[in-house]
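# Observations on the three-dimensional arrangement
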Amino acid sequence: MSTRTLVTGGAGFLGSHLCKALVDRGEHVICLDSLFTSRMETIEPLLEFSNFEFLKHDVVVPYNFDVDVIYNLACPAAPGHYQYDPVHTLKTSVIGSLNALELAKRCGARVFHASTSEIYGDPELHPQPESYKGSVNPIGLRACYDEGKRAAETLMFDFHRQHQVDVRVARIFNTYGPNMHPFDGRVVSNFICQALAGDDLTVFGDGTQTRSFCYVSDLIQGCLALASAPDVLEPINLGNPEEFTMVELAHLVLEITGSKSKLIYKPLPADDPSKRQPDIAKAKGLLGWSPSTTLESGLQQTIAWFESIDMSKWSPPTPNWAGGLTA
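The rules we used
- Residues numbered from 1 in each chain as written.
- Predicted model: local features only at pLDDT ≥ 70, side-chain atom pairs only at ≥ 80, totals over all residues.
- Heavy atoms only, no water.
- Helix = DSSP H or I, 4+ residues; strand = E, 2+ residues; numbered from the N terminus.
- Buried < 20%, exposed > 50% of the residue type's maximum accessible area, 1.4 Å probe, protein only.
- Phe/Tyr/Trp six-rings, centres within 6.5 Å; stacked < 30°, edge-to-face > 60°.
- Lys NZ or Arg CZ within 6 Å of the ring centre and 35° of its normal.

The next thing to look at is unusual backbone geometry. The residue after His-126, namely Pro-127, is reached through a cis peptide bond having omega -5°. Within the secondary structure, Pro-127 is located in the loop between strand S5 (110-116) and helix H4 (143-163). Phi at Gln-164 is positive, roughly 60°, even though this residue is not glycine. With respect to the secondary-structure elements, Gln-164 resides in the loop between H4 and strand S6 (167-172). A relative accessible area of 60% places Gln-164 in the exposed class. We note that Asp-231 has phi near 60°; this positive angle belongs to a residue other than glycine. As for its placement among the helices and strands, Asp-231 is situated in the loop between helix H6 (216-228) and strand S11 (236-238).

Structure, rendered in structure tokens:
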């Protein structure tokens with residue numbers, strides 16, 4: 001009998017790639033998504049498979065399935081969109097995680113939780129190891145996401161200690177690739193869309209702030225490795241440790257697309273992290289995982305996907321897509 005797997009947020013960017021990988025492995029996948037910031041287009045190819053099913057559902061509302069594994073990915077992740085309804089964003093992280101954990105407790109399922117590098121806030125330690133407790137503004141515009149994800153991690157480990165629920169927690173750093181929403185307002189999709197349209201590339205701040213970009217296929221392999229690893233009961237960073245400034249990223253996108261666009265600079269949003277780079281020593285040691293796709297190669301594949309889609313069929317999920325926010 002095949003493994004029954006629930007993926008919340010399964011129609012999103014990461015979720016759609018994860019669902020495909022699980023379907024390809026022969027697992028019976030139940031994809032749960034409210035379609036708030038995700039699209040059916042990302043999972044339409046999977047609907048023809050008998051071991052895949054989709055249910056439109058908000059994870060804040062309790063649900064019940066008989067499953068062996070739960071991948072808890074549901075939550076808007078782009079700043080403009082999670083700030084559109086910050087209360088619901090916080091509820092998605094906290095109540096959504098609570099509902100996943102209650103289900104896991106009832107049916108004895110393992111829970112893989114997609115946490116985030118944003119729990120480190122604007123870090124005072126660089127690169128960021130899992131032992132770093134973070135520097136987060138609890139009342140800022142990003143707090144609904146940052147603190148929601150921090151509280152969700154608390155729930156994961158408290159459920160493990162109190163109810164013996166088997167949990168795995170991944171702190172996911174910036175990831176990019178096909179199936180990114182063109183209007184998610186993140187820096188990679190922003191730069192690509194602007195370059196392909198011949199528009200100026202919007203750089204926030206002076207462009208010296210850094211991010212570390214992991215190609216999606218590498219990230220999914222890391223998630224699967226962590227989800228199946230025995231006795232890794234601690235958060236694990238998953239991301240690419242190669243660090244780039246926003247200006248370096250912009251010039252690489254221009255080079256690959258052949259665009260003649262210019263860079264324009266706008267004020268940096270509040271609480272935007274100045275640096276972001278994962279320490280992945282634990283992922284290497286405990287999982288035998290590290291990313292292998294270079295930024296140039298990943299961008300070439302991502303740009304090819306953006307060139308292949310019909311942009312007229314996509315629209316901003318919320319009014320807060322203001323021509324682009326930060327990563």
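We now examine the packing of aromatic side chains. Under the defined criterion, the tally for this structure stands at 10 aromatic pairs. With a centroid separation of 6.1 Å and 40° between ring planes, the pair formed by Tyr-63 and Phe-65 is classed as tilted. Of the residues examined, Tyr-63 reaches a relative accessible area of 8% and is grouped as buried. Classification of Phe-65 by relative accessible area gives buried; the value is 19%. Between the aromatic rings of Trp-305 and Trp-314, the centroid separation amounts to 6.1 Å while the plane-to-plane angle is 80°, which identifies the pairing as edge-to-face. Trp-314 carries the same exposure label as Trp-305, and that label is buried. Joined through ring pairs, the aromatic side chains of Tyr-120, Tyr-132 and Phe-173 make up one cluster. Here the guanidinium or amino end of Arg-39 rests over the ring plane of Trp-314, the centre of that ring lying 4.6 Å away.

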